[in-house]
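Chain and residue survey
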Amino acid sequence: MATRDSDERAGGGTGRRALLGAAVLGAGGAVLGVPGAASAAGPRHGGGHGGLKGLPVPTVIGHRGASGYRPEHTFGSYELALDLGADIVEAGDLVPTRDGHLVCRHEPEIGGTTDVADHPEFADRRRTKTLDGASVTGWFTEDFTLAELKTLRAVERIPANRPHNTLYDGRWEIPTFEEVLRWQNDQTRRRGKQVWIYPELKHPTYFRKLGLGTEERLARLLRRYGKDRRNSPVIIQSFEPTSIQRMNKLVANPLAVLLSGANSRPWDFVETGDPRTTADLVTPEGLKEIASYAQGIGPTLDLIIPKDSTGRLTGPTTLVRDAHRAGLILHPYTMRNENPFLPAEFRKGADPDAYGDAFGAFRTYFATGIDGVFTDNPDTGVLARADFVND
């Protein structure tokens, strides 16, 4: 490996933390108090923080693109996210094909996100497998070559909540991550500003056991396109801490550990017998350990403000404060406009397709001092941020 790569990784802990730490040490420090405080310093990551220079705080991250309006993980969804003002696009959730290509799907099971069930030639590929301890039936990317997957088309994953998105069913194919990297370069040129992406490694332990290790494949692609550096506009995330530790040794990119419910255990911990739960990882000690190999965390919003038994928000936890003290930024997930996905006090009626008071929910979460948020509706997030910083 090139000397430059080795040197960057050798100093990666401090350097990468500086990259993402703008939200803690620079402009984001103004967010830590009351609503509206961010405007005092200007809602931008500071100039001394490498590749995050110029990104607003709180950062609006297009979750699987603009998946509130288009089928997720398609170029239609990714490009719309940029059109709607997303600062970063989550492109994409990475899973491998049988012949080793990384493609962008929410899960390896693609029955709910593609038209594979309409292809009689693939009827015999339907399987029941155990995925991270759960029995899952459907069609799995690892049973298809890339050429076969390219004959499929994406469909809306949650049509009950987003019937209007079904208009676009069948319009786009499944993108590879290599195509995403080329798309990123093209969009950066076309738009005259750097486009950022935030790929996620999905179920890396599962795939490693199948002989399809995803970290090495991702690292090779990033190196090939010159995007494996400390200041590269690619942030890598995973729910498995050991996967992020592996990436920390392979590339110099900013890294983030995703965190699910407090009582959950990362699957790599289950496989290795590590007894810790997410609740252990979000203690000051757990956050300090994460900060030794990553620069950020992506907690579920319930770890920022829990809900009571009626689905209403309670008081904020100390996670924002504790993570910032450890030198970590927080990009929680996922804000959506539709009623079922909002805290109960922000819902309007019972229609699962109707919008609630998403602006009120954004404001409440921004007020905790988070450094950004994943959202299916980037335009709502951008407007909510403007309201918040100008309040």
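Right above here is the structure, for reference.
A brief structural summary. As the structure is a prediction and not an experimental result, all values here were calculated from the model. (Residues numbered from 1 in each chain as written. Predicted model: local features only at pLDDT ≥ 70, side-chain atom pairs only at ≥ 80, totals over all residues. Heavy atoms only, no water.)

1. So, the overall build of the protein
What counts, and what does not: Numbering of helices and strands runs from the N terminus, with a helix taken as a DSSP run of H or I at least four residues long and a strand as a DSSP run of E at least two residues long. Exposure classes here rest on a 1.4 Å probe applied to the protein chains alone. A residue is buried below 20% of its type maximum, exposed above 50%, and partly exposed in between. In this analysis, two residues are considered to be in contact whenever any of their non-hydrogen atoms come within 4.5 Å of each other. For every accessible area listed, the method is Shrake-Rupley and the probe measures 1.4 Å; residues are considered covered only by the protein chains on display.
Scanning the protein from terminus to terminus reveals 17 helices and 13 strands. Across the 391 residues of the protein, 58% fall into the buried class. The contacts of the protein with a sequence gap of at least 6 include a subset with a gap of at least 24, amounting to 66%. By element, 50% of the accessible surface of the protein is carried by carbon and sulfur atoms, the whole surface being about 14900 Å².

2. Quick word on the environment of Glu79
Secondary-structure assignment places Glu79 in helix α5 (residues 75–83). Among the residues examined, Glu79 registers a relative accessible area of 31% and is labelled partly exposed. Note: C-alpha distance between Glu79 and Val89 (ten residues apart in sequence) is 8.8 Å. Leaving out residues up to four positions away in the same chain, Glu79 has contacts with Trp183, Gln187 and Arg191.

3. Here's the deal with the sheet that holds strand β1 (residues 59–62)
The condition that has to hold: The criterion for strand pairing is that DSSP finds at least two bridges linking the strands in question. To define axes, lines are fitted to C-alpha atoms, for helices over the stretch in contact only, and angles between the resulting N-to-C directions are given on a 0 to 180 degree scale.
Sheet architecture is open: four strands sit in the order β7-β2-β1-β13, paired in parallel fashion. Of all the strands in the sheet, the pair left with one neighbour each is β7 (196–197) and β13 (372–375). Judged from the two bridges that link them, β1 and strand β2 (residues 88–89) form a sheet pairing that is parallel. Its bridge partner lying in β2, Gly62 is registered against Val89. In the packing of helix α17 (residues 378–390) onto the sheet, the strands contacted are β1 and β13, and the crossing angle to β1 comes to about 175°.

4. With respect to the layout of surface pockets
Condition: Cavity means a closed set of points on a 1 Å grid over the protein atoms alone, one where a 1.4 Å probe fits but cannot get out, pocket means an open set with protein on both sides within 12 Å along at least 5 of 7 lines, and lining means a residue has an atom within 4 Å of a point. Grid points are joined across faces, edges and corners, and a volume is the space filled by probe spheres set on the points. Residue type decides the class: Asp, Glu, Lys and Arg count as charged, Ala, Val, Leu, Ile, Met, Phe, Trp, Tyr, Cys and Pro as nonpolar, and the leftover types, Gly among them, as polar.
What the largest pocket holds in volume is close to 700 Å³. Along the walls of the largest pocket sit 37 residues, with Glu200, Phe239, Leu259, Ser260 and Tyr333 positioned nearest its centre. Here the lining of the largest pocket is built from residues that sort into 15 nonpolar, ten polar and twelve charged.

5. A short note on helix α9 (residues 214–224)
When we look at burial in α9, the residues that qualify are Thr214, Glu215, Arg217, Leu218, Ala219, Leu221 and Leu222. At the C-terminal side of α9, Gly226 shows a positive phi close to 65°.

6. Considering the pattern of salt bridges
Short version of the rule: By convention in these notes, a salt bridge is any Lys or Arg side-chain nitrogen within 4 Å of a carboxyl oxygen on Asp or Glu.
The tally for this structure, following the rule as stated, stands at 28 salt bridges. Residue Arg162 is joined to Asp376 by a salt bridge in which the shortest nitrogen-to-oxygen separation is 2.8 Å. A residue pair is termed long-range when its members are at least 10 positions apart, and Arg162 in the loop between α6 (146–149) and α7 (177–191) and Asp376 in the loop between β13 and α17 qualify at 214 residues. Across the pair, Asp376 and Arg162 agree in class, each one buried. Between Asp186 and Arg189 there is a salt bridge, with the nearest N and O atoms lying 3.9 Å from each other. Here the residue Asp186 and the residue Arg189 both occupy positions in helix α7, the gap between them amounting to three residues, near one helical turn. Overlapping salt bridges bring together Arg64, Glu72, Asp93 and Arg157 as one network.

7. What about the packing of aromatic side chains?
Cut-off, in case you're wondering: Each aromatic pair joins two rings of Phe, Tyr and Trp (for Trp, the six-membered one) with centres within 6.5 Å, and gets the label stacked for planes under 30 degrees apart, edge-to-face for over 60, and tilted for any other angle. To sit over a ring, a charge needs its Lys NZ or Arg CZ within 6 Å of the ring centre and within 35 degrees of the ring normal.
Within this structure, the stated rule accounts for ten aromatic pairs. Consider the rings of Phe122 and Phe144, whose centres lie 5.0 Å apart with planes at 75°: the pair is edge-to-face. With Phe122 in the loop between β4 (102–104) and β5 (127–131) and Phe144 in the loop between β6 (134–138) and α6, this pair connects stretches of sequence that are 22 residues apart. Across this residue pair, the class does not change: Phe122 and Phe144 are buried. Judged by centre distance (6.0 Å) and plane angle (25°), the rings of Tyr168 and Trp172 are stacked. Cation over ring: Arg70 sits above Tyr168, and NZ or CZ is 4.1 Å from the ring centre. When the ring centre of Phe144 is taken as reference, the NZ or CZ atom of Arg125 above it lies at 5.1 Å.

8. Quick word on the nonpolar core
Which entries qualify depends on this criterion: Buried Ala, Val, Leu, Ile, Met, Phe, Trp, Tyr and Cys residues that are joined via side-chain atoms within 4.5 Å together make up what is termed a nonpolar core.
Core analysis: the largest hydrophobic core is formed by 63 residues, its most contacted members being Phe177, Leu218, Ile236, Met247 and Ile297. Apart from the residues within four sequence positions on either side, Met247 is in contact with Leu201, Glu215, Leu218, Ala219, Ile236 and Leu255. Core analysis: the next-biggest nonpolar cluster, separate from the first, contains 16 residues, Leu131, Phe140, Ile174 and Phe207 among them.

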